[in-house]
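# What the coordinates show
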Amino acid sequence: MTNPTNRRSFLTAAGVAAAFPTIVPARALGREGAAAPSERIGLGVIGYGPRCAYDLGPMLDQPDVRCVAVCDVQAKRRDAAKKRVDDHDGDSACVALHDFRELLDRKDVDAVLIATGDRWHAHASILAARAGKDVYSEKPCGLTIDLCRKLADVVKETGRVFQAGTQRRSVPNFQYAVNLARTGGLGKLKAVYASVYTPSIVSQWLPTQPTPPKDEIDWDLWLGPVSWRPYNEGYVQGNWRGQYDFDSGARLLDWGAHTVDLCQWAADADASGPISFEPSETRIVGKYASGVELVIDFIKDPFGDRSPNWITALGTCPVRFVGEDGWIETGDNGSAEVQPEGLKAGLKDLPTVAHNSGLDVGAHARNWLDCIKSREKPAANAEVMRNSHSACHAAAASWILGRKLDFDPATGTITNDEEADGLRSRPFRAKWNV
């Protein structure tokens, strides 16, 4: 009777087990507003850091989502991710994994949230789609034009539902501004303005430090597809940003993945992009075939005073759309400024959804989850991502080389400059070729 299996068999046979029922959280049974298990989307999380912590909260709160597995190459982070999920669900069912490929092999994972560093977004998304998982990928979704196009191709080939984490497409004030531009409310559209960090590139490695044990931090897997370099704890603490190997488009995509994306939408260019880019000291000017200008404006202090070109009070990631009859500017504080005065009437009905409230991600995630069920394309689908990200990368290439480039958005090629066209791709470690 000391064998647990035999004791359990004995109690069941004796009818005793019924007197000691297993305690199952009501959420797991489809109560308390949660979906029944048969209707639930099994979520896997790849990469748990500050951004993932922000994304995951609103996703866990969706009634038809159950996070079944989390993964990170850093032990502290995967333990924190499991605790976050277990505390939310009131049990210990979430599995913590070290290698994301184990997560992709799981049959109970229907969809994945990918919130690693930039270097992993495209590769993990491609492998996830090929494993039959629907994908929500944080931005930037690929380090190069070629990777963004490859990701879009794989999503189409596999029939997966892909959502880029450009959540401002699901925020009311940005939607209102875009709609005003697209429907003629500003008159004939003349220019769209995207704010971005002032571009920069860092190529010097941080000093070499002893590599931690693999079960503490798997440095080789942390690096993933990018070129090997010696370990430094600064990288895993977030100081990979700005490093050319790890970052996207000279940091232009940090905001540009959002702001250029919104300008693409406003210019009715989701299926295409600008056909040329010309850099200067303070901005890059793109031109659409329609004649509309895309002005990518550099901001030296993204979280401080951004005058005279932008209305600082409107918050981070501002965009401006200018037509022959008026203009509108909006940002992350949820409001907008618009001229002429007659256009302001529509602003009073806008719900307030400020950035960092969590509601922006919640709406964007809800759009993705609904599309997982309907198999329709979400707001920031793979084709939308491919074209807006490619525009950012081509603009960055013009800044890096300091000259005007002609771009073919249909093929993703730079047509007038062989050296610049070489920036469409990068070499990656052979074992991670996708």
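Structure: see above.
A brief structural summary. Computed from a predicted model, the values in this text were never measured in an experiment. (Residues numbered from 1 in each chain as written. Predicted model: local features only at pLDDT ≥ 70, side-chain atom pairs only at ≥ 80, totals over all residues. Heavy atoms only, no water.)

### Details of the environment of tryptophan 222
Counting through the fold element by element, tryptophan 222 comes out in helix H8 (residues 219–223). Given a relative accessible area of 5%, tryptophan 222 falls into the buried group. Taking the C-alpha atoms as reference points, tryptophan 222 and valine 236, separated by 14 residues in sequence, lie 8.2 Å from one another. Discounting residues that sit within four places of it in the chain, tryptophan 222 has contacts with Val73, Gln74, Arg119, Trp120, Tyr235, Val236, Trp240 and Phe246. (Helix = DSSP H or I, 4+ residues; strand = E, 2+ residues; numbered from the N terminus. Buried < 20%, exposed > 50% of the residue type's maximum accessible area, 1.4 Å probe, protein only. Contact = heavy atoms within 4.5 Å.)

### A closer look at the packing of aromatic side chains
Throughout the structure, instances matching the rule amount to 13 aromatic pairs. An angle of 20° between the planes, with centres 5.9 Å apart, marks the rings of tryptophan 219 and tyrosine 235 as stacked. Placement of tryptophan 219 in helix H8 and of tyrosine 235 in helix H9 (residues 233–239) is noted, with a sequence separation of 16 residues between them. Pair check on accessibility: tryptophan 219 and tyrosine 235 agree, each one buried. Pairing tryptophan 255 with phenylalanine 303 gives two aromatic rings, centres 6.2 Å apart and planes at 80°, and the pair type is edge-to-face. Here tryptophan 255, found in helix H10 (residues 252–266), pairs with phenylalanine 303, found in the loop between strand S10 (293–299) and strand S11 (319–323); they are 48 residues apart in sequence, far enough to count as distant. The exposure class of tryptophan 255 is buried, given its relative accessible area of 5%. Phenylalanine 303 gets classed as exposed once you look at its relative accessible area, which sits at 62%. Connected via pairs of aromatic rings, a cluster forms that spans Trp219, Trp222, Tyr231, Tyr235 and Phe246. (Phe/Tyr/Trp six-rings, centres within 6.5 Å; stacked < 30°, edge-to-face > 60°.)

### Brief notes about the sheet that holds S10
Sheet strands pair via backbone hydrogen bonds, and the direction of the pair is either parallel or antiparallel. Pairing within the open sheet is mixed, and its 9 strands lie in the order S13-S12-S11-S7-S10-S9-S8-S14-S15. One side of each edge strand has no neighbouring strand; the edge strands of this open sheet are strand S13 (336–339) and strand S15 (413–414). Judged from the 4 bridges that link them, strand S12 (residues 327–330) and S13 form a sheet pairing that is antiparallel. The partner of tryptophan 327 across the bridge, within S13, is glutamine 339. (Pairing = 2+ DSSP bridges.)

### Concerning unusual backbone geometry
Following lysine 139, the chain continues to proline 140 via a peptide bond in cis, the omega torsion being -15°. Structurally, proline 140 can be placed in the loop between strand S5 (134–137) and helix H6 (145–158). Residues serine 307 and proline 308 are joined by a peptide bond in cis, for which omega reads 10°. For proline 308, the position within the fold is in the loop between S10 and S11. Phi angles above zero are rare outside glycine, and aspartate 268 is one such case at about 60°. Structurally, aspartate 268 is set in the loop between H10 and strand S8 (276–279). On the basis of relative accessible area, aspartate 268 is assigned to the exposed category, the value being 58%. For cysteine 317, which is not glycine, the phi torsion reads 50° and is therefore positive. Summarising the element assignment, cysteine 317 is placed in the loop between S10 and S11. On the basis of relative accessibility, which here comes to 2%, the residue cysteine 317 falls in the buried class.

### Comments concerning the layout of surface pockets
Space inside the largest pocket adds up to approximately 990 Å³. If you list the elements that add at least two residues to the lining of the largest pocket, you get helix H2 (50–60), helix H5 (118–130), H8, H9 and H10. Of the volumes computed, that of the second largest pocket is approximately 220 Å³. Taken together, the residues of the lining of the second largest pocket break down into 4 nonpolar, 4 polar and 5 charged. (1 Å grid on protein atoms, 1.4 Å probe; cavity = no way out; pocket = protein on both sides within 12 Å on 5 of 7 lines; lining within 4 Å. Points joined across faces, edges and corners; volume = space filled by probe spheres on them. Nonpolar A, V, L, I, M, F, W, Y, C, P; charged D, E, K, R; others polar.)

### Some words on the environment of glutamine 264
Relative to the elements of secondary structure, glutamine 264 occurs in helix H10. What makes glutamine 264 buried here is its relative accessible area of 0%. Residues glutamine 264 and alanine 391, spaced 127 residues apart in sequence, show a C-alpha to C-alpha distance of 9.0 Å.

### What to know about the pattern of salt bridges
A side chain with one charge may pair with a side chain of the opposite charge, provided their charged atoms come close. By the definition in use, this model includes 32 salt bridges. Two residues, arginine 366 and aspartate 64, come together in a salt bridge whose shortest N-O distance is 2.8 Å. Taken together, the residues arginine 366 in helix H11 (residues 359–374) and aspartate 64 in the loop between H2 and strand S2 (65–71) connect sequence positions 302 residues apart. Here aspartate 220 makes a salt bridge to lysine 431, at a shortest N to O gap of 2.6 Å. Residue aspartate 220 is located in helix H8, and its partner lysine 431 is located in the segment after helix H13 (418–421); the two are separated by 211 residues in the primary sequence. Salt bridges sharing partners connect three or more residues here, namely Asp64, Arg366, Asp370 and Lys373. (Salt bridge = Lys/Arg side-chain N within 4 Å of Asp/Glu carboxyl O.)

The quantities given are spatial measurements derived from coordinates; they are silent on function.
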